[in-house]
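# Topology and contacts: notes
Single-letter residue listing:
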Amino acid sequence: MFALKRFVVALLTLGIWVHPTLERTLEPSPECNSFVESRSSHLLYTGNSSVGNVPILEYNVTELTSFDSEFELRTLDPEGVIFFGDIGGQQNYFLLAVIQGNLSIQTSRGDGQVLVTSGPKISDGEWKKIAVMKHEGAVAVRVGSETAVTVQQSAESQRAEIGNGMLRIFIGGLLPDSGVTLGLNPPLDGCMRSWDWVRQDSSILERTLQDSKVQRCWEHIAPGSYFTGVGSVGFSSLALLGNSSAELDGADWTLSVELALRTVSARGFLFILVDTQNDYILSLKLNHPSQELMLHLRGTLFWSRSYPQTLCSGESQFLQLQVRPGQLVIGMGVTKATMRLTDGDYELLKRVLSQPGSRVYLGGGPAGLSSFHGCLQAKIQGVNVDLDLAEVKHGDVRPHSCPAALDIRDGK
């Protein structure tokens, strides 16, 4: 009888920031838009390497009659690991990943590494049936009925398959001590179902899904970034500004921030600019006690307005913030307010934004306090913000998907 040897949940710490004390002491978020999250016990989330959970399946090669596997995958994430497999150690490995929205294979070879990117775009949020098949010294990956990527196996790989080593399959990531250089951001915000791993027993995955809600996916998803009301994401301000950072010395430089959101709770920071001392220079917050949207500059209330009646009705909200010489403009829906900005404050904002070490936070503060709960999409300088580029990101934030019930596009 072919038996699964063991299942490991590996603890990863790469690229993730979690404050355990805050996890325990944060007050509950006051919900204003209840929705059914509908996380399914048969859908495995592939992005949990960012919070330290990587499912690993291990099989003795001598007990295998097939190396073929298949599963269905759904993702909106343009980059990440689908699975990583090795035999007899990581010097002989096979990686299936998503790069720039395309399916990608990376394998080890005697003469180095080879990276093959081909096939259709798969990061469209639709379920794709993927099969990985070994045939006559090659590995082919099929998407639906079409062969998308094929790569020749190395002699080392073929010898390992007839040896007595262990086959390990890492779903959605690698171990923290891996010496493999992937050249991509490992966590894939995606979902997997209907799997069949090398024609062997993998029922431990089903049992894990029954026991752990965090391992599950939503039945239906929508574009956006989902914040749970705990934690935030932080970016280098210079990285977010991109090419416009070169224009900071100009007299007419403008900062543009656009936010689209659907709330679950009527509280939390949406946007914060902090300096190298973690002082809040500019912030936009949903303030629950006063039921106001508040804009603070240098720690002082600069502007506020009452929550729109639609905030807790499930409708999408659209905010625009512009900093330009002499003016700070904020818009919410069709309402717009223009405030005078002193030359000193304008220069301060430019100076902080241009300092290495300054950060922009979305969805909460640097310490994870007063965090947003809902679906959020952000543009800075007209460019969509990719949460995978964050320097710090709380592991509960899903960077590329929201529950379909919070679809920003449906709430216009």
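Remember, predicted model here, so these are calculated numbers, not experimental data.

## A few points about the overall build of the protein
A count of helices and strands for the protein gives five helices and 30 strands. Scored against the burial criterion, the 412 residues of the protein give a buried share of 55%. Approximately 17800 Å² of the protein is accessible, and the part contributed by carbon and sulfur atoms is 49%.

## Section: the environment of L284
Along the chain, L284 turns up in strand β20 (residues 280–287). For L284, a relative accessible area of 3% corresponds to the buried category. For L284 and H296, which are twelve residues apart along the polypeptide, the C-alpha to C-alpha distance reads 6.6 Å.

## Structural notes on the state of the cysteines
Applying the stated criterion across every chain yields a total of three disulfides. Note that C191 is cross-linked by a disulfide to C217, the S-S spacing being 2.1 Å. The chirality of the disulfide connecting C191 with C217 is left-handed, given an S-S dihedral of about -110°. On the criterion of sequence distance, the pair formed by C191 in strand β13 (residues 190–196) and C217 in strand β14 (residues 216–218) is long-range, its members being 26 residues apart. Here C191 and C217 have matching classes, each one buried. Shown here is the disulfide that connects C375 with C402, its sulfur atoms set 2.1 Å apart. Judged by the sign of its S-S torsion, about 90°, the cystine formed by C375 and C402 is right-handed. One end of the pair, C375, is in strand β27 (residues 373–380); the other, C402, is in strand β30 (residues 402–403), with 27 residues separating them in the sequence.

## Digging into the sheet that holds strand β11 (residues 146–152)
Read across the open sheet, the seven strands follow the order β11-β10-β9-β4-β13-β2-β14; overall the sheet is antiparallel. Each edge of the open sheet carries a strand with a single partner, namely β11 and β14. Taken over all neighbouring pairs, the strand axes of this sheet differ in orientation by 40° on average, direction set aside.

About the cut-offs
Residues numbered from 1 in each chain as written. Predicted model: local features only at pLDDT ≥ 70, side-chain atom pairs only at ≥ 80, totals over all residues. Heavy atoms only, no water. Helix = DSSP H or I, 4+ residues; strand = E, 2+ residues; numbered from the N terminus. Buried < 20%, exposed > 50% of the residue type's maximum accessible area, 1.4 Å probe, protein only. Areas by Shrake-Rupley, 256 points an atom, 1.4 Å probe, with all protein chains shown as cover. Disulfide = S-S within 2.5 Å. Pairing = 2+ DSSP bridges. Axes fitted to C-alpha atoms, helices over the stretch in contact; angles between N-to-C directions.

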